[in-house]
Each structure stands twice: as structure tokens, then as C-alpha cells.
Amino acid sequence: MTTMSRRAFALSLPAATLAGAALVGGAVEWPRAAAARTGAAVGAVLPLAQVEIGRFTVTILSDGWADMPFNYFPGRTPEQIEAAAATQFAARPEGVRIVFTQYLIDDGERRILVDSGPAGAIGDTGRLPSALAAIGVTPESIDAAIVTHMHVDHMRGLVAGGRRVLPNAELYVDRRDVAHWTDPAKRAAAPDFLHSSFDTAADLVRLYPDLQATDGEREIARGISLVDLTGHTPGQIGVRVEDDGRSLLMVSDMMFHPSLHPVADDIGFIFEQDPAAAQAMRARFFPRAAEEGALIAATHMPFPGLGRIVRDGGALRWLPAEWAFQS
Ligand SMILES: [Zn+2]
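Computed from a predicted model, the values in this text were never measured in an experiment.

Caption draft 1: Representation of the overall build of the protein chain in the model. When helices and strands are counted, the protein chain shows nine helices and 16 strands. Counting over 327 residues, the protein chain shows a buried share of 46%. Once local pairs closer than 6 in sequence are excluded, the contacts in the protein chain between residues at least 24 apart make up 68%.

What follows is the structure, encoded as C-alpha cells:
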């Protein structure tokens, strides 16, 4: 592992303490209903949420978390970012605490994994394999995977240990991201902290030679569509699951923390190579999502990262969804 150093995301508390703190904070729900559904025993500290969208069950899991330094958010000074995070008790000594969330879509016949976490490359991560095992899902049983964009924290779990982690999965990645992240000239021009994403992208195309480079918006299975969210990376995509009049839109890195987004669209993230394009997409997407009242799942928002963008006076804000296990 190279550039996104563990030092930068140093673990400041023992894991057990943090798990306890998370439970006290109410951010984590005990997965009893899900355990009953799958008949599997689930570890006591495993965060898990499920939503039913028509015939689909979407299970939300987390590979872990990291504290993002306050100077990783261009558009404001580090002091302003810290002050904004502090209003929501999210200013930690090392930065803004964010989670890494993944989604397992199950329509009763096929299992599709959306993103796969940093798998230990960043912060305190690497929990996705045990989370999947705890709900009885083997890597072999996953039929497809979607990489929403080729930053290391969304795809390293697919190639951890230098091997193809999902042997039977069809893999979908947007063509623009494949082109960008496998281009040696782009790698050479990029800052060091992006090299781990270029290197992981190289692993991904090598280990999944059957990878499908998708082109824009399309339905990849009945009720599952890719949505163009270009900006954060050239080929960032969202995933919309739709059935029976309900829908869920997984929006990847459109938002990082509710103290920053959607209240502002001009706060960026240091890993965005085209800040203007990233901001333009946020400026388009946030008000549109508020108008639609769309149920959204966002990778880095506080677990499970399910909610809506709503208008509150003149401002936009994040309204966490009230979610419940459903049969
Ligand atoms: Zn991300």
C-alpha cells in the first residue's frame, strides 16, 4: 500500500471503544431482523441496514471508517471545515469522520455488490468480507459488482491480496473512469496521493479481464440502472434500483458529510481532479434530488447513509431516512 498513508488516518482509539461509542450514538442498529431473514448469526458490532424496494432487498454494509483531515475539503479553510463539522459533533482530532458503505442488491435470483471498500488501504477498514460472511454471502455467490468510480476506497475490496476476490462476478465500471485511471500519462501527472487509485485500477482490469466498460446511463438488469454522476471522477456513476413504484438512488461520492453537503455545493474533496466539474454536478444534482424527494444512499454519509435532500428555508439539507426492517 502506497500513498494514502495509514499515518494520515491514524486510529486514535481502540476498535472496541469506538464500536461502543457508535452504539451509544445511535448510529448503528443491531441486525436482529436481518439475521432472522438469513438464518445467520451476526457479529455484535456489525453495522447493517436493509431496505426493501419492491422485489429488491438492498443490504447496506460498511467496510469501516476514516477521519478525513480538515484540509482535504477545498472551497473552505480547514478551520471552517472543522467548525462546520463541530456543529454536528463530527470534528475529530484527525478530521471529519466518514464511513465507507457498500450495498448488496438482491432480487431473489441475483446478488449485485455496489462498491467494495478500501479493504485496509485507508483508516480502519477491511470489514466487508466478514460482514458478508456474517449474513451468509460467499464471494462465489455474488453474481455482479458495480464500481461507482475508480477511487481506491470504492474498489480495492475486489482485488485485495492481489487476487480476484469475486470469482464469478460480472463487473461494471464506466468507460470514462477505465480510460482515465488506466492511462499512464494521467498517472504521471497526478499527485502522489492518487497513485493508489491508479494502481488499484490496474489490478482491477488485470484481474477482471471480462470487465464491462459501460457507456453512460443504461439498465444493466431489470429495475437496476446506472446513472451518470460525472464530476467527482470523469466516470462516476450512481445506481438506481426501482420496482413497484419505489426507488433508491445510490449516489456514491456526491456528498461526504451532512455538515458540508448538500448545504454547500462549492466544498470539494482533495481527490477530485476536476474541481469545477465536481462542483457543477453537485450544483445540478442537489436541487434536482430535493425536487424529486428521491430516497438516496450516499457512501460516506453517517451510516447507513440513507436519506433525502430537502429544502429548509432557502438552504438544502440532509434528512436521514427513518428506516426499518421490512418483511
Ligand atoms: Zn469515496
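Caption draft 2: Region of the structure containing the sheet that holds strand β16 (residues 315-320). Across the sheet, which stays open at both edges, the seven strands sit in the order β10-β11-β12-β13-β14-β15-β16 with mixed pairing between neighbours. Both outer strands of the open sheet, β10 (218-221) and β16, are each paired with one neighbouring strand and no more. Pairing between strand β14 (residues 296-297) and strand β15 (residues 306-312): two bridges, direction antiparallel. Bridging from a neighbouring strand, I296 pairs with G307 of β15. Across the face of the sheet, helix α9 (residues 275-292) comes into contact with β14, β15 and β16 while running at roughly 95 degrees to β15.

Caption draft 3: The arrangement of the nonpolar core in detail. In this structure, V58, I105 and A145 are the most contacted members of the largest nonpolar core, which totals 86 residues. If we skip the residues at most four places from it in the chain, A145 touches I112, L113, S116, L158, L166, A169 and L171.

Caption draft 4: Highlighting helix α3 (residues 78-86). Residues of α3 that are buried: I81, E82, A84 and A85. For α3, the buried positions fall inside an angular range of 160 degrees around the axis, keeping them on one side.

What counts as what
- Per chain, residue numbering runs from 1 following the sequence as it is written.
- Per-residue local features are limited, in this predicted model, to residues with pLDDT of at least 70; the limit for side-chain atom pairs, both in listing and counting, is 80 or more; totals at the level of whole chains, interfaces and linings are taken over all residues.
- Numbering of helices and strands starts at the N terminus; helices are DSSP runs of H or I of at least 4 residues and strands are runs of E of at least 2.
- Each residue is classed by its C-beta neighbour count within 10 Å, where at least 20 other C-beta atoms makes it buried, 12 or fewer makes it exposed, and intermediate counts make it partly exposed; the C-beta atoms are placed from backbone geometry.
- Residue pairs qualify as contacts under a 7 Å threshold applied to their C-beta atoms, which are placed from the backbone.
- Criterion used throughout: strands pair if DSSP finds at least two bridges between them.
- For helices, the axis comes from a line fit to the C-alpha atoms of the stretch in contact; other axes are also lines fit to C-alpha atoms, and the angle between any two N-to-C directions lies between 0 and 180 degrees.
- The term nonpolar core refers to a set of buried Ala, Val, Leu, Ile, Met, Phe, Trp, Tyr and Cys residues connected through C-beta atoms within 7 Å.
- Taking the helix axis as origin, the arc is that swept by the directions to the C-beta atoms.

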